Amino acid sequence: MPGWNFADVWEVVAEALPDAPAQVQGDRRSTYAELDRRADGIARAFLDGGAKQQDKVALYLYNGPEYLESMFAAFKAGLAPVNTNYRYAEDELVYLWDNADAVAVVFHGCFADRCDRVRNHLPGVRTWLWVDDGTGPCPDWAIDYEQAAASATERTIPPWGRSEDDLLLLYTGGTTGMPKGVMWRQDDLFLTLNGATPRPYGPDRDLDKVRELCDSPSMVAMPAAPLMHGTGMFTSIGSLSAGGSIVTLENRSFEPAELLDTVQREGVNTIAWVGDAFAKPVLRALDAQPGTWDISSLVLIVSSGVMWSEETKQGLLRHHGGMILADAFSSSEALGLGTSYSTAAGTSHTATFQLGENTRVIDDDGRDVVPGSGVIGRVAVGGRNPVGYYKDEAKSAATFLMIDGKRYSVPGDYAMVEADGSLSLLGRGSVCINTGGEKVFPEEVEEVLKLHPSVHDAVAVGVPDEKFGEAITAVVEAEPGEQIDESDVINHVKQKLAAYKAPKRVVVVDTIGRAPNGKVDYKALRSQALEALGL
């Protein structure tokens, strides 16, 4: 029998709750009926632009109503949405959209000049939808998003229909260098996310059950994290499937006071963010101005992508003991690896998780790690998993493994299983740097560092950082007779890569000390960096 498709579900939710709030951003408010109608208009624009079955649509947007509208539109038209990191530089955009075979791009106006500069390198992109953000006029090569959204006169259904096999592509930097597109079947992703909502519909597609259960608005959810990443995206589309309301912040840089003001004004029930980069500024604001904000509506704050500290959780719970604070141990290609919950009754230790229902830890021989044995193994999750990585069979084969006759996602996280069955996470078995939830592959940064005229050789390492978890530090060896100017080296990287990939500090060493095979001792160089920085 046919499986779940997000567009079908969201259309039924809109029919059941037409006047319920679907999206809120400041003074901008849309009901489910308006969300549905506007997405029909955008879907028609994609199809009129020549998009074919399961063509890819890139979303190059900050948080806001247009993000989920565009995703809804792609689902309606039987197309596959593709997230785009808005921090990417031009070369990175060209790589991503070319790799994804994108035929359409939806972009905020502030990116118009950048899009214009890359258009000639992307002949496959036939439709450019411009979202007005007050930064300039619509280019003559683009379509005005608002005009397209307002143009719908009927339900948009493509001639090829919709399917449970339709894809969502979530591009992730991962630990392998250039971004990889994780391919999620809609049926698999829907069932994985819907089970964690207040309205689970069950494994079998039943739109009448959706209509029956959506008899009133569900919870108010705030993706404080970017919608371009899985943390914000997945929590939001799960909430929409249950008839919830999505509240996004207006500022494009995080302001804790804005978040707290919005929680109070909109009665936000759940927040999705990324670790201490969000939690610590919010806690500082609450501590500095106790009693200023009413956050009693909050039921759940979930963090994914990077862990947040036990001390921060305890501090937040002092301001509202009725919340549940959750660390979701997941990745783009492996949801539900484990979860850590903290409440006023008890706080979990950082990096300690309860294994998910379909999770196991395996040793190098594929056997389960015995609890309490002290053996380090790789975390594997079974059940509903992605199809693989888009156009990368080798990486797919290395990550999605058959174990005891069942398919598992094994993205490379290492852990020990404690005697009580809990999991102590050790991190990726590579040198990938996780800075504020953004995964940065060191060699990508290093190649740019080595293009600087004063740099002979370089590596990038992660060092502890209170705000971001890890901060990128460049360890460089100077060209003979050259002096290293720290700010100049950092700015050089920012000219080539997204700013978050640029080092925060530069440490100069006599030699990188490469072996004859070109390899370096990252552990030793990181130790040198820590010593030089006094960490």
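Residues numbered from 1 in each chain as written. Predicted model: local features only at pLDDT ≥ 70, side-chain atom pairs only at ≥ 80, totals over all residues. Heavy atoms only, no water.

Visitor: When you look at the sheet that holds strand E26 (residues 455–465) in this model, what are you seeing that I'm missing?
Guide: Pairing between the strands of a sheet is mediated by backbone hydrogen bonds and can be parallel or antiparallel. Strand order across the open sheet formed by three strands is E26-E27-E28, with mixed pairing between neighbours. Of all strands in the sheet, those bounded by a partner on one side alone are E26 and strand E28 (505–508). Direction aside, neighbouring strands of the sheet carry axes that sit 30 degrees apart on average. Of the strand pairs in this sheet, E26 and strand E27 (residues 469–478) are connected by ten bridges, and their pairing is antiparallel. Within the sheet, the bridge partner assigned to Asp 457 lies in E27 and is Glu 477. The strands that helix H14 (residues 442–449) touches are E26 and E27; relative to E26, the one it contacts most, it runs at about 140 degrees. This element, helix H16 (residues 522–532), spans E26, E27 and E28 of the sheet and lies at about 70 degrees to E26. (Pairing = 2+ DSSP bridges. Helix = DSSP H or I, 4+ residues; strand = E, 2+ residues; numbered from the N terminus. Axes fitted to C-alpha atoms, helices over the stretch in contact; angles between N-to-C directions. Contact = heavy atoms within 4.5 Å.)

Visitor: I'm lost on the pairing of strand E3 (residues 56–60) in this one. Help?
Guide: A regular strand places its side chains so that they alternate between the two faces of the sheet. In terms of residue burial, E3 counts as a mostly covered element, since five of its five residues are buried. Of the two faces of E3, both are covered, the one formed by Lys 56, Ala 58 and Tyr 60 as well as the one formed by Val 57 and Leu 59. With four bridges connecting them, E3 and strand E4 (residues 80–83) associate as parallel partners. Residue pairing for E4: Leu 59 is matched across the bridge by Asn 83. Following the backbone out of E3, through helix H3 (residues 65–76) and into the adjacent parallel E4, one traces a crossover that is right-handed. Here E3 pairs with strand E5 (residues 102–108) via five bridges, running parallel. Across the sheet, Leu 59 pairs through a bridge with Val 106, a residue of E5. (Buried < 20%, exposed > 50% of the residue type's maximum accessible area, 1.4 Å probe, protein only. Right-handed = clockwise from strand over helix to strand, strands pointing away.)

Visitor: I would appreciate a short explanation of the pattern of salt bridges in the present structure.
Guide: Side-chain pairs of opposite charge can arise whenever the charged atoms involved come near each other. For the coordinates displayed, the defined rule picks out 38 salt bridges. Its salt-bridge partner being Asp 116, residue Arg 119 comes within 3.0 Å of it at the nearest N-O pair. Judged by its relative accessible area of 27%, Arg 119 is partly exposed. A relative accessible area of 33% places Asp 116 in the partly exposed class. (Salt bridge = Lys/Arg side-chain N within 4 Å of Asp/Glu carboxyl O.)

Visitor: In this structure, what is going on with unusual backbone geometry? I would like to understand it.
Guide: Most of the time, phi is negative for any residue but glycine, and the peptide bond is trans. Unlike most non-glycine residues, Gln 54 shows phi in positive territory, near 65 degrees. Exposure remark for Gln 54: the relative accessible area of 16% places this residue in the buried category. One non-glycine residue with positive phi stands out, namely Asp 101, at about 60 degrees. Structurally, Asp 101 is set in the loop between helix H4 (90–99) and E5.

Visitor: Teacher, can you tell me more about helix H10 (residues 256–266) here?
Guide: Note on helix geometry: an α-helix contains 3.6 residues per turn, so any two residues three or four positions apart are oriented the same way. Restricting attention to buried positions, one finds in H10 the residues Pro 256, Glu 258, Leu 259, Leu 260, Thr 262, Val 263 and Glu 266. Just beyond H10, the residue with positive phi is Gly 267, at close to 65 degrees.

Visitor: Would you mind going over the nonpolar core with me for this structure?
Guide: Soluble globular proteins: nonpolar side chains tend toward being buried together. Core analysis: the largest hydrophobic core is formed by 113 residues, its most contacted members being Trp 97, Phe 107, Trp 128, Phe 234 and Ile 237. Per-element accounting of this core gives the leading share, eight residues, to helix H2 (residues 32–48). Setting aside its immediate chain neighbours within four residues, Ile 237 contacts Phe 6, Trp 10, Leu 68, Met 71, Leu 168, Leu 189 and Leu 193. One finds Ala 224, Val 247, Trp 273 and Val 282 within the second-largest nonpolar core, a separate group that totals 30 residues. (Core = buried A, V, L, I, M, F, W, Y, C linked by side-chain atoms within 4.5 Å.)

Visitor: Please explain the pairing of strand E17 (residues 359–362) as it appears in this structure.
Guide: Here E17 shows a buried face lined by Thr 359 and Val 361 and a second buried face lined by Arg 360 and Ile 362. The pairing of E17 with strand E18 (residues 376–381) spans four bridges and is classified as antiparallel. Within the sheet, the bridge partner assigned to Arg 360 lies in E18 and is Ala 380.

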